[in-house]
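Each chain, written out:
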Amino acid sequence: MANPMVSPVRSQSVRRRPRRLAFLLVLGAWPLLAAPVFHVSPTGDDGWSGRLPAPSRLGGDGPFRTLERARQAVRSGRDAEGAQVVLAAGEYVLPEGFVLEAEDLGTPAAPIVYEAAPGALVVLRGDRPLAAWRLGPGGSRFATLPAGGNPALFAEDQPLPLARFPNRSPSHPHSGGFCYVLGAEAAGGTLFLRVAGLAGLAPGSWAGLPGTRVWVWPEDGSRRETVVTAANRERGTLCLPDQPGIRPGTRLVLVGLPGELDAPGEWFPEPELARVRLLPPEDVVPEREVTVATAPALLAIRGRAEDPLPGVQFVGLEFRGSAGDVVRIADAACVFIRCAFRAGVGDGIRAERAGGLHVEGCDFRRLGGAAIRLTATRGAVIRNCWIAETGFLQDVPAAIVAADDVCANLQVVRNLLHDLPASGILLRGGGHRCEGNWLHHLGQERAGGGGVLLPGGAANTVRGNLVADPGGYRRLDGFRYAFPAGSAGIAVQG
């Protein structure tokens with residue numbers, strides 16, 4: 001069944017209009033041709049009407065300059081057919097993110113559409129350059145942090161890692177660079193660990209270990225984040241909150257230690273001094289190529305729980321740079337066509353109660369979390385998307401995740417997924433259709449999992465998928481791990 005929120009927007013070219021009109025009539029969306037159109041351009045002016053795609057000859061009118069002004073115009077100037085916002089080529093910096101509330105959303109009969117002008121590369125970005133770098137000890141650099149939330153640093157659209165111990169292994173970036181548990185005992189809600197590999201930890205780092213984050217890979221193959229509660233340098237022990245699955249041979253990494261800023265690309269925030277400290281990546285000039293984001297989401301869309309159908313459409317846009325999720329949706333039916341999602345610490349799209357979500361022909365890369373994570377969502381369509389290099393900073397089980405049993409009737413069709421730390425597609429709930437997907441080079445960091453996982457549910461259709469090199473880790477003995485360890489291609493439970 002066609003998604004009711006998917007309706008192509010009208011072209012600004014007279015020559016293309018007959019073809020587009022025919023397509024619109026097929027979908028029953030012809031009323032959009034009468035919707036008001038607002039233009040936005042980096043060379044525009046928020047004091048203008050926004051009705052012209054370029055400045056007039058006399059310079060008295062033309063496009064808006066900002067999305068915030070376009071959002072205001074949509075609120076006041078939309079009509080029964082909705083509204084369209086056309087963005088000219090260029091970058092639109094949104095350091096605090098861009099928020100669309102219920103009054104900014106459309107309906108299937110009157111959609112609100114944000115789209116790139118024909119042939120234009122349009123980038124909405126939440127990161128911005130960090131200027132005025134100063135030299136620090138050991139080749140490090142200092143820069144002042146902008147005001148905002150928890151910062152994230154990027155270089156060449158790649159999220160940079162916090163200072164960690166041990167360092168990532170250059171020759172084995174996913175399978176090397178770990179400490180290992182020698183012994184584990186639990187008492188009084190605390191887990192006492194004897195750990196191999198702590199001898200190289202800087203003496204000054206031991207005093208700061210309480211409160212330090214720990215990434216640990218327990219026996220179930222996930223990556224869990226916990227915290228050090230106490231440490232003893234003489235005994236080489238760490239104390240963590242008591243939890244299952246941690247036993248001799250378990251891998252772990254300490255994250256966010258200022259004294260371990262010793263590998264190119266690592267960084268550490270110093271909020272008490274309103275600055276950040278960085279050991280620049282090789283062949284990167286910080287003044288030109290290092291950026292920072294502070295907003296928890298680049299684009300946030302919030303509808304109404306009692307009326308989840310209204311939504312908004314995005315066509316041909318690139319979303320880049322977020323300290324959290326790139327796009328976050330709640331209670332709205334949104335459409336993304338030919339969009340790109342880049343350089344986010346969290347998920348590419350995180351949607352909750354997003355019935356009618358439609359993601360087609362989109363590109364997801366270099367994301368710390370999942371490409372698409374759905375909660376309590378029914379009837380979503382994910383089709384013809386390219387997903388790679390996602391999930392290396394967050395504990396996510398797969399690149400496409402239907403996270404709970406409320407999810408139902410999802411279509412995950414003809415997507416390409418590769419180079420992932422965990423699994424490709426995980427669909428909880430039932431009634432899903434998973435067809436024609438191509439998945440390869442999975443499980444590069446974690447055990448278990450595989451290509452397509454369906455843990456329970458009923459009436460799912462899985463056919464025509466190609467899964468190669470699902471990888472995965474299996475502990476042989478002591479600190480020896482086997483990779484690949486034969487993770488599943490397709491795994492169905494229940």
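Quantities reported herein were computed from a predicted structural model and do not represent experimental measurements.

### Notes on the overall build of the protein chain
Next up, step 1: Across its full length, the protein chain carries four helices and 46 strands.
Next up, step 2: Taking 494 residues into account, the globule formula puts the C-alpha radius of gyration at 23 Å, and the protein chain, at 24 Å, falls close to it.
Next up, step 3: Relative to its full complement of 494 residues, the protein chain shows a buried share of 53%.
Next up, step 4: When the accessible surface of the protein chain is summed, it comes to about 20,700 Å², and 54% of that surface belongs to carbon and sulfur atoms.

### Considerations on helix 2 (residues 67-77)
Next up, step 1: Turning to helix 2, its buried residues are Leu67, Ala70, Arg71, Ala73 and Val74. The buried residues of helix 2 occupy one face: seen down the axis, they fall within an arc of 160 degrees.
Next up, step 2: In this structure, the buried residues of helix 2 make contact with strand 1 (37-40), strand 2 (83-87), strand 3 (90-93), strand 4 (98-100), strand 5 (112-116) and strand 6 (122-125).

### Thoughts on the sheet that holds strand 31 (residues 363-367)
Next up, step 1: Strand order in this open sheet of nine strands is 3-6-25-28-31-34-37-40-43, and the pairing throughout is parallel. Single-partner strands in this sheet number two, and they are strand 3 and strand 43 (466-468). With strand direction ignored, the average angle separating the axes of adjacent strands in the sheet is 10 degrees.
Next up, step 2: Here strand 28 (residues 340-344) runs beside strand 31; their pairing, made up of four bridges, is parallel. By the bridge assignment, Arg342 is partnered in strand 31 with Arg365.

### What to know about the nonpolar core
Next up, step 1: Core analysis: the largest hydrophobic core is formed by 70 residues, its most contacted members being Ile301, Phe314, Phe319, Ile329, Phe336 and Phe364.
Next up, step 2: Each residue touching Phe319, except ones within four places of it in the same chain, is listed here: Leu124, Leu298, Leu299, Phe314, Val326, Phe336, Cys339, Ala340, Phe341 and Arg342.
Next up, step 3: Judged by nonpolar contacts, the second largest core, of 19 residues, contains Ile246, Leu252, Leu254 and Leu257.

### Comments concerning the pairing of strand 20 (residues 267-270)
Next up, step 1: Across four bridges, the pairing between strand 20 and strand 21 (residues 275-278) is antiparallel. Directly across from Glu270, in strand 21, lies its bridge partner Arg275.
Next up, step 2: Once strand 20 ends, the chain turns through four residues before running back antiparallel as strand 21, passing Ala274 with a positive phi of about 55 degrees.

### Here's the deal with the sheet that holds strand 9 (residues 141-144)
Next up, step 1: Across the sheet, four strands lie side by side as 8-9-21-20; this open sheet has antiparallel pairing. Each edge of the open sheet is held by one strand with a lone partner, namely strand 8 (134-135) and strand 20.

### Brief notes about the environment of Ala120
Next up, step 1: Topologically, Ala120 is positioned in the loop between strand 5 and strand 6.
Next up, step 2: Taking the C-alpha atoms as reference points, Ala120 and Gly90, 30 residues apart in sequence, are found 7.9 Å from one another.
Next up, step 3: Sequence-distant contacts of Ala120, that is, excluding residues within four places in its chain, are made with Leu87, Ala88 and Ala89.

### Some remarks on the packing of aromatic side chains
Next up, step 1: All told, the structure shown has eleven aromatic pairs when counted by the stated rule.
Next up, step 2: Their ring planes at 15 degrees and their centres at 5.4 Å tell us that Phe319 and Phe341 sit as a pair that is stacked. Residue Phe319 is found in strand 25 (residues 317-322), and its partner Phe341 is found in strand 28; the two are separated by 22 residues along the sequence.
Next up, step 3: Take Phe341: its relative accessible area is 0%, and that puts it in the buried class.
Next up, step 4: Relative to Phe364, the ring of Phe341 lies with its centre 4.5 Å away and its plane at 5 degrees, an arrangement referred to as stacked. Highlighted residues: Phe341 in strand 28 and Phe364 in strand 31, separated in sequence by 23 residues. Each member of the pair, Phe341 as well as Phe364, carries the same accessibility label: buried.
Next up, step 5: Among the aromatic side chains, those forming a connected cluster through ring pairs are Phe98, Tyr114, Phe314, Phe319, Phe336, Phe341 and Phe364.
Next up, step 6: If you follow Arg223 out to its NZ or CZ, it ends over the ring of Trp215, 4.0 Å from the centre.
Next up, step 7: Note that Arg365 overlies the ring of Trp386, its terminal NZ or CZ placed 4.3 Å from the centroid.

### Describing the pattern of salt bridges
Next up, step 1: Enumeration over the complete set of coordinates arrives at 26 salt bridges.
Next up, step 2: Close ionic contact of Glu103 with Arg75 constitutes a salt bridge, the shortest N to O distance being 3.7 Å. One end of the pair, Glu103, is in the loop between strand 4 and strand 5; the other, Arg75, is in helix 2, with 28 residues separating them in the sequence.
Next up, step 3: For Glu103, a relative accessible area of 41% puts it in the partly exposed group.
Next up, step 4: Relative accessible area serves as the criterion here: at 39%, Arg75 is assigned to the partly exposed category.
Next up, step 5: The salt bridge partner of Asp347 is Arg373, with a shortest N-O separation of 2.7 Å. With a gap of 26 residues between them, Asp347 in the loop between strand 28 and strand 29 (349-352) and Arg373 in strand 32 (residues 372-375) connect regions that are remote in the sequence.
Next up, step 6: For Asp347, a relative accessible area of 1% puts it in the buried group.
Next up, step 7: Beyond isolated ion pairs, a larger network of salt bridges with shared partners links Asp325, Arg328, Asp347, Arg350 and Arg373.

About the criteria used
Residues numbered from 1 in each chain as written. Predicted model: local features only at pLDDT ≥ 70, side-chain atom pairs only at ≥ 80, totals over all residues. Heavy atoms only, no water. Helix = DSSP H or I, 4+ residues; strand = E, 2+ residues; numbered from the N terminus. Rg over C-alpha atoms; globule rule 2.2 N^0.38 Å. Buried < 20%, exposed > 50% of the residue type's maximum accessible area, 1.4 Å probe, protein only. Areas by Shrake-Rupley, 256 points an atom, 1.4 Å probe, with all protein chains shown as cover. Arc of directions from axis to C-beta. Contact = heavy atoms within 4.5 Å. Pairing = 2+ DSSP bridges. Axes fitted to C-alpha atoms, helices over the stretch in contact; angles between N-to-C directions. Core = buried A, V, L, I, M, F, W, Y, C linked by side-chain atoms within 4.5 Å. Phe/Tyr/Trp six-rings, centres within 6.5 Å; stacked < 30°, edge-to-face > 60°. Lys NZ or Arg CZ within 6 Å of the ring centre and 35° of its normal. Salt bridge = Lys/Arg side-chain N within 4 Å of Asp/Glu carboxyl O.

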